[in-house]
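Residue-level structural notes
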Amino acid sequence: MERRVKVKVEKLCKSFGDLKVIEDCSFQIYDGEFVCVVGPTGCGKTTFLNMLSSLLKPTKGAVLIDGEEAGPKKHNLSFIFQEPSAFPWLTVEENMAYGLRAKHKDKAYIKEQTEHMMELMGLGKYRRSYPKELSTSTEQKIVIGRAFAMNPDLLLMDEPYGQMDIKTRFYLEDEVIRIWKECQKTVVFITHNIEEAVYLAERVLILTNKPAKVKEEIIIPLPHPRNVEDPEFVRIRNYITDQIRWW
Amino acid sequence: MEERNKLEAAAGKLRFERRRERQKALLLGIISIFIFLTVWQMLCTLHIVGENVLVSPIKVIQAIWIKAGDTRPDGNTLLQNILSSFRLVLIGFGLALVIGLPLGLLMGWYRPLDKFIRPIFEIIRPLPPIAWIPIVIVILGIGTAAKSFIIFFTTFVPIVINSYTGIRETNQVYINFAKTCGYSNWRIFRTVGIPSAMPLAFAGMVIALGNGWGTLVAAEMLASNSGLGYMIFMGRSYGRIDIIIAGMLVIGLIGLALTAALELIEGYVLKWRIKEK
Amino acid sequence: MKKMKKVLAMAMALSLGITAGCGGGKDVPTEQTEETTAKEKITVSVHPSGHGLPAYVAEQNGYYEEEGLEVETLVYIGAPPQMEAYEAGAWDIGTTGFGGIVLGVAKSSLKIIGVTIDDGTVMGLWARPDSDIVNAGYQEETGCYGTAENWKDLEILYTQGTITDIMLTATLECLGLAADDVVRTNMDSSPAFTAFQAGSGDLVQANSSFYFNAEDAGWVPVTTGVSQEIYMPSVIVASDKMIEEDPETVEKWVRAYMKGVQWIKDYPEEAAELFVEFCEENGVATDEANALKFVDAQIIKIPSPKEQTGYFKKAEEGERTVLQEALMKCMETYVSMGNYTQEDADALMLDENYDGSFMEGLNP
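Report on the accompanying structure. In this text the structure is predicted, and so the values were computed from the model without any measurement. (Residues numbered from 1 in each chain as written. Chains lettered and ligands numbered in written order. Predicted model: local features only at pLDDT ≥ 70, side-chain atom pairs only at ≥ 80, totals over all residues. Heavy atoms only, no water.)

**Observations regarding a nonpolar patch on the surface**
For the record, the criterion: Patch rule: a residue counts if its relative accessible area is over 30% and it has no salt bridge; like charges are joined within 9 Å, and nonpolar side chains (Val, Leu, Ile, Met, Phe, Trp, Tyr) within 5 Å. Residue burial considers only the protein chains on display, and all accessible areas are found by Shrake-Rupley using a 1.4 Å probe. Think of a salt bridge as a Lys or Arg side-chain nitrogen and an Asp or Glu carboxyl oxygen that are within 4 Å of each other. Each helix is a run of H or I in the DSSP string that is no shorter than four residues. Each strand is a run of E no shorter than two, and both are numbered from the N terminus.
Together, B:Leu27, B:Ile31, B:Ile35 and B:Val39 make up an exposed nonpolar region whose accessible area comes to about 360 Å². By the secondary structure assignment, B:Ile35 is in helix α1 (residues 2-45).

Here it is in structure tokens:
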């Protein structure tokens, strides 16, 4: 199946003063693809993601979405952070609608999208609750739902499950795959957890140490949901782990 | 099934223990107040302290009771005095809220404004309200405007500081998320900054109200013919210690009530906050 | 926990306040006479006004030293703080005005042992020269400017609970007005003066030192203590304790004070200079011209010890002395206004509160 290119990163460079964090980084992401980005700790993964989301401007090079330079006004960008970022002062319903409200005025449309998303995430019964009344995993579900509800051109996730226990993590990993399949959005997911990367991604990008660039890309043709004990799964995981270790 | 029962039993026991804790605290509070009042009454009944220095709690309650209907010696009933003071504080506090809250929030969000206003604010901030009286008399006269200004001054500062700090402490993650959504700086200020600042801003309001109510005595010192502070001054002039203490007591109790009322409102507006058990 | 802390704090504050009161009572600075050659240490309290000046003169001219007294003088701007300090045991002898008479004599343990200036002589409510009330002119019958119409609803800046109330009430009575027919705004003398200058209020009190400052400002006294025929003596007071335990020292101080009075009568211009000094040291603004007017108006008229002895005498048993009569007139006004109670008035009239022996002792 020929997918078209959604995101094109061309010779991306980022320096903070003399410190070169990202240098000469180029790659492509296809429409509707689920990509994981892994790399050694501190190699600049978060900086990388921040530039994709246009929170940071590149020193050189460009990030293009649908052929145009990425920007929050032009494109629908959604970012999920490591810390739960559901607004505590909004109800679940209001949180879900927040991303949409940035660019849409049509109340009916917003309501429709929000309802759909809440149903998909199973959050309907919590619609009038506040995030602090709910568990952390539910809170992150709100965040995921809010992100997908925006109909994003690009959905960026920065180690969103890093602070959670294993059970919650497994659960949310399955959830994000489920929603992704349903909505068919382009996702870039950063993690330092190789198993998680292999569990989720269609393609894994391995970054080098600073100054970071794409060292290798690994395509994972396994179907979802994946079995972590599958020998092919294990092989890929070990391979990637080795790749990272030697840097 | 059994597990469920065990859990419920445990939860019930916890609730029961918590209620006992609260009852204990309440009882301790009542006992300590009782001891305090008894010691006070004893000091007076046994004439350990002279009548021109301290008056017994019974006489104070009497004074309050009588003052409710009697205009002597200052010319107003207790209620008239209460309303007069209340009016001053309401105007002063209200103005401080209307001006101070937006100002603090905007200063906290927009650096240039902060830099512009800061120096003036820092100079004004430490001035005691009484020091303003001479200037205020000349500029604003001696009426409600002048007295409310004194109150405005003590309430303005904590409101500005707290809303400023509150909005400055907004979690960057929230701001970043709003940015990626494509919100303008102004909209992020309104939808993220302001709500995030509300807990601290409210704390500032509670402090401000306490300050303002406590300053009414100083404000009424400027010039007055009614009010609780005025009542206390007149009590002093006419040697009515019972009225002085009664005035203090009423001021204290109303101050408590005002704070409680404000905290009630806070609890409703900020119902999204983490509830502390 | 919060409530307990609050209560604890209140309790601590109160006990601190009480111990301050009690502790003060125990540390009476007056000491019993040691050797007659050693100086007596006493603490005296006055106001920075006409009745305080003789004490200042006594200090400056060395009369205290002549009597073998070492005197610490406490100056209070009004009766309430002065009497509060008395309760705390800070002083035992001094002078005070009418407010102090009620707070210190009727309600506490001070005794009146002499009279000093008549506050009625430099007491007035002032209006701006261009105001309606002034334009209406002075009325002989009512002893004030303007008619009841002019006075109605005027805002009067004055210190409530002081002698100005007597003058105001007398004036309103003459005009047939009630207390509520005017707006009374309570202010201390100094801020009231400033406020009136800045344009606030319709009438302002200016008594004692402020009287002539008001004159200088071009204001018109629409009613005065003189026009209302008010005799309001300031008095010399001493604690019952000191009178009982140390009457010789009381006599000595009274003698020094009356020496001061005599000196002022003999040298009014020099006295005026001293008065300026005395006022400025205590934060009251005045100048020499006004001080001289003040001395002439008030202090020169202080009765001699011989005359004063007459004030303490009763014409017949069961009647009031001249002094009691004068004080009662003022008390009656206050009681009718509800500021003081009948009990206060009765207490003030008790014979035991008066002791004319010291003035008698000064008679040659």
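**Some words on the pattern of salt bridges**
Any two side chains of opposite charge can pair, so long as their charged atoms come close to each other. Heads up, the condition is: For every residue, the accessible area (1.4 Å probe, protein chains only) is compared with the maximum for its type, and the residue is labelled buried under 20%, exposed over 50%, or partly exposed between those bounds.
Taken as a whole, this structure holds 34 salt bridges over all chains when the rule is applied. Close ionic contact of A:Glu173 with A:Arg169 constitutes a salt bridge, the shortest N to O distance being 3.5 Å. Placement of the pair is A:Glu173 and A:Arg169 together in helix α5 (residues 166-183), with a separation of four residues, close to one helical turn. Classification of A:Glu173 as buried rests on a relative accessible area of 2%. In this structure, B:Arg118 engages B:Asp114 in a salt bridge whose closest nitrogen and oxygen atoms are separated by 3.1 Å. Pair noted here: B:Arg118 and B:Asp114 are both in helix α4 (residues 111-124), with a separation of four residues, about one helical turn. Residue B:Asp114 is classed as buried on the basis of its relative accessible area, which comes to 2%. Each member of the salt-bridge network shares a partner with another, and the members are A:Arg4, A:Lys6, A:Asp31, A:Asp66 and A:Asp153.

**A look at the sheet that holds strand β4 (residues 110-118) of chain C**
Residues and elements named next belong to chain C. Stated formally: Pairs of strands are assigned from DSSP output, requiring at least two bridges between the strands. Axis geometry follows a simple rule: fit a line to the C-alpha atoms, using only the stretch in contact for helices, then measure angles between N-to-C directions, giving values from 0 to 180 degrees. Any two residues whose heavy atoms approach within 4.5 Å are treated as being in contact.
Read from one edge to the other, the open sheet built from five strands follows the order β2-β1-β3-β12-β4, with strand pairing classed as mixed. The sheet terminates laterally at β2 (69-75) and β4, the two strands that pair on one side only. Averaged over all adjacent pairs, the angle separating strand axes in this sheet is 20 degrees, with direction ignored. Taken together, the six bridges between β4 and strand β12 (residues 233-239) define a ladder with antiparallel strand orientation. Considered in β12, the bridge of Asp118 is made with Pro233. Sheet contacts for helix α4 (residues 79-87): β1 (40-46), β3 (93-96), β4 and β12; angle to β3, the most-contacted strand, approximately 160 degrees.

**Description of the interface of chain A and chain B**
To be explicit about the condition: Put simply, buried area is the surface a 1.4 Å probe can reach on two separate parts but cannot reach once they are joined, added for both. Any pair of N or O atoms that falls within 3.5 Å is considered a polar contact. Within protein, one atom must be able to donate a hydrogen and the other to accept it, and sequence-neighbouring residues count only if both atoms are side-chain atoms. When residues are sorted by character, Ala, Val, Leu, Ile, Met, Phe, Trp, Tyr, Cys and Pro go into the nonpolar class, Asp, Glu, Lys and Arg into the charged class, and all the rest, Gly among them, into the polar class.
Contact residues are listed per partner, giving 24 residues for chain A and 20 residues for chain B. Between chain A and chain B, the buried area comes to about 2200 Å², and carbon and sulfur atoms account for 67% of it. Our count for the contact surface shared by chain A and chain B stands at zero salt bridges. Taken together, the connections running from chain A to chain B amount to eight residue pairs in polar contact (both at pLDDT 80 or more). Counting residues per element, the ones that place at least two in the side of chain A that touches chain B are β6 (77-80) and α2 (92-101) of chain A. Examining the composition of the side of chain A that touches chain B, we find that three residues originate from one element, α2(A), more than from any other. A breakdown of the residues in the side of chain A that touches chain B according to their chemical character gives 14 nonpolar, three polar and seven charged.

**So, the interface of chain B and chain C**
Of the residues lining the interface, 31 residues belong to chain B; the matching set on chain C comes to 35 residues. Approximately 2800 Å² of surface area, both sides summed, lies buried where chain B meets chain C, with 64% of it carried by carbon and sulfur atoms. On the chain B side of the contact with chain C, B:Phe36, B:Arg236 and B:Tyr238 bury the most area, a combined 23% of that side's loss. Ionic pairing is found between B:Arg236 and C:Glu84, a salt bridge with its closest N-O pair at 2.6 Å. Of all the secondary structure elements, the ones that give two or more residues to the side of chain B that touches chain C are α1, α5 (129-140), α9 (228-237) and α10 (241-269) of chain B. When residues of the side of chain B that touches chain C are assigned to their parent elements, the largest contribution, seven residues, is made by α1(B).

**A closer look at unusual backbone geometry**
Here the residue pair A:His224 and A:Pro225 is connected by a cis peptide bond, since its omega of -10 degrees sits within 30 degrees of zero. When you line up the elements, A:Pro225 lands in the loop between β10 (214-219) and α7 (231-245). Omega for the bond connecting B:Arg72 with B:Pro73 falls within 30 degrees of zero, at -10 degrees, which places this linkage in the cis form. Of note, the phi angle at A:Ser54 is positive, near 65 degrees, even though the residue is not glycine.

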